[in-house]
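# Structural overview for review
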Amino acid sequence: MTRWAQVAGGGADGSDGARYQERFDAMAAAGQHVHGEADRCGTLVPPGSRVLDAGCGTGRVAVELGRRGYAVVGVDVDAGMLAHARDAAPHLPWVRADLADLDAAVLDAAGHGPGDGFDLVVAAGNVVPLVAHGTEAQVVARLAALLRPGAPLLAGFGLDAAHLPLDAAPFGLTEYDTWCAAAGLVLAERYATWDGAPYAGGGYAVSVHRRR
């Protein structure tokens, strides 16, 4: 079981995607900018690029990327979250899969294969810390394998309990960088926020690793 399933408490049909999305809708209605992740993606690859939104949830990032002209595929293991994503953007491809098992064959079977690789894989919203215990390195390796050479893996996640729906962070940046290196990825950039504030320690990091 993923940590997400443990903290979200979804039933057999997954979490309540509409309820989860309400917080972001309220923020947007109040005039707050809720698309920092899509903005950061835009600094890495141009519109038209093939993007995998890994752990897409309700599709907030993927839908915005699609609106901006990216060829995006959303993947998540939570059926309830994906149901909301499909309702929000039925024209976009959504795939239900555990990231620990995701590969080109799974995407091919769903009709959304990566071809010669994605131009960008983005994992926003604490995706990596919320996968099943012990699968973190496998998830990173699976995502890295879906990238074309030189393409980036962009991931933002909390590093302490204040930035996670967990009692404690399951790992730190040293472990994450080690998994990335083992998967053939090289650290290229690291920020404290999605809008590019420099990282100088702290409880949240946005990392860009590129496939060799």
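So, here's what we can say about the structure. (Residues numbered from 1 in each chain as written. Predicted model: local features only at pLDDT ≥ 70, side-chain atom pairs only at ≥ 80, totals over all residues. Heavy atoms only, no water.)

### Some thoughts on the overall build of the protein
Looking only at helices and strands, one finds eight helices and seven strands in the protein. Taking 17 Å as the expected radius of gyration for a compact globule of 212 residues, we find that the protein reaches 16 Å, a close match to that expectation. Each of the three principal axes of the protein carries a C-alpha extent, and together these read 40 × 35 × 35 Å. Counting every position in the protein, which comprises 212 residues, the buried fraction comes to 49%. (Helix = DSSP H or I, 4+ residues; strand = E, 2+ residues; numbered from the N terminus. Rg over C-alpha atoms; globule rule 2.2 N^0.38 Å. Buried < 20%, exposed > 50% of the residue type's maximum accessible area, 1.4 Å probe, protein only.)

### Some points on the state of the cysteines
Tallying each qualifying case throughout the model produces zero disulfides. A disulfide-free cysteine, Cys41 has its sulfur positioned 13 Å from the sulfur of Cys56, the nearest such atom. (Disulfide = S-S within 2.5 Å.)

### Observations regarding the nonpolar core
By size, the foremost hydrophobic cluster in this structure holds 34 residues, and its most contacted members are Leu52, Val75, Leu102, Leu143 and Tyr176. Going through the elements one at a time, β1 (50-54), β2 (71-76), β4 (120-123), α7 (136-145), β5 (152-158) and α8 (173-182) are the ones with two or more residues in this core. Of all hydrophobic cores here, the second largest spans 25 residues; its members include Leu120, Val122, Leu154 and Val208. (Core = buried A, V, L, I, M, F, W, Y, C linked by side-chain atoms within 4.5 Å.)

### Comments concerning the packing of helix α3 (residues 36-44) against helix α4 (residues 60-67)
Between α3 and α4, the least distance of the axes is 9 Å, while the angle of their chain directions is 50°. The orientation of α3 relative to α4 falls into the category oblique. At the point where α3 passes α4, the crossing takes the right-handed sense. Counting all contacts with α3, which are made through Glu37, Ala38 and Cys41, the residues of α4 involved are Arg60, Val61, Glu64 and Leu65. (Axes fitted to C-alpha atoms, helices over the stretch in contact; angles between N-to-C directions. Parallel < 35°, antiparallel > 145°, perpendicular 65-115°, else oblique. Left-handed = near helix turned anticlockwise from the far one by under 90°. Contact = heavy atoms within 4.5 Å.)

### Comments concerning the side chain of Asp119
Considering the arrangement of structural elements, one finds Asp119 in the loop between α6 (104-109) and β4. Of note is the side chain of Asp119, whose polar atom sits 2.7 Å from the backbone nitrogen of Arg50. Within the local environment of Asp119, its side chain forms a polar contact with the side chain of Arg148, the two groups lying 2.7 Å apart. For Asp119, the contacting residues outside a window of four places in its chain are Val45, Ser49, Arg50, Arg148, Ala151 and Pro152. (Polar contact = N/O pair within 3.5 Å; in protein donor to acceptor, adjacent residues only side chain to side chain.)

### Digging into the sheet that holds strand β6 (residues 185-191)
Strand order in the open sheet made by the seven strands is β3-β2-β1-β4-β5-β7-β6, with mixed pairing throughout. In this open sheet, the two strands that pair with only one neighbour each are β3 (94-96) and β6. Looking at each pair of strands side by side, their axes are set apart by 20° on average, direction ignored. Judged from the five bridges that link them, β1 and β2 form a sheet pairing that is parallel. (Pairing = 2+ DSSP bridges.)

### Some words on the side chain of Arg190
Of note, Arg190 is situated in strand β6. Of note is the side chain of Arg190, whose polar atom sits 2.6 Å from the side chain of Asp177. Here the side chain of Arg190 touches Ser207 through a polar contact of 2.8 Å, side chain to side chain.

### Focus: the environment of Pro46
Inspection of the secondary structure puts Pro46 in the loop between α3 and β1. C-alpha separation for the pair Pro46 and Tyr70, spaced 24 residues apart in sequence, amounts to 7.9 Å.

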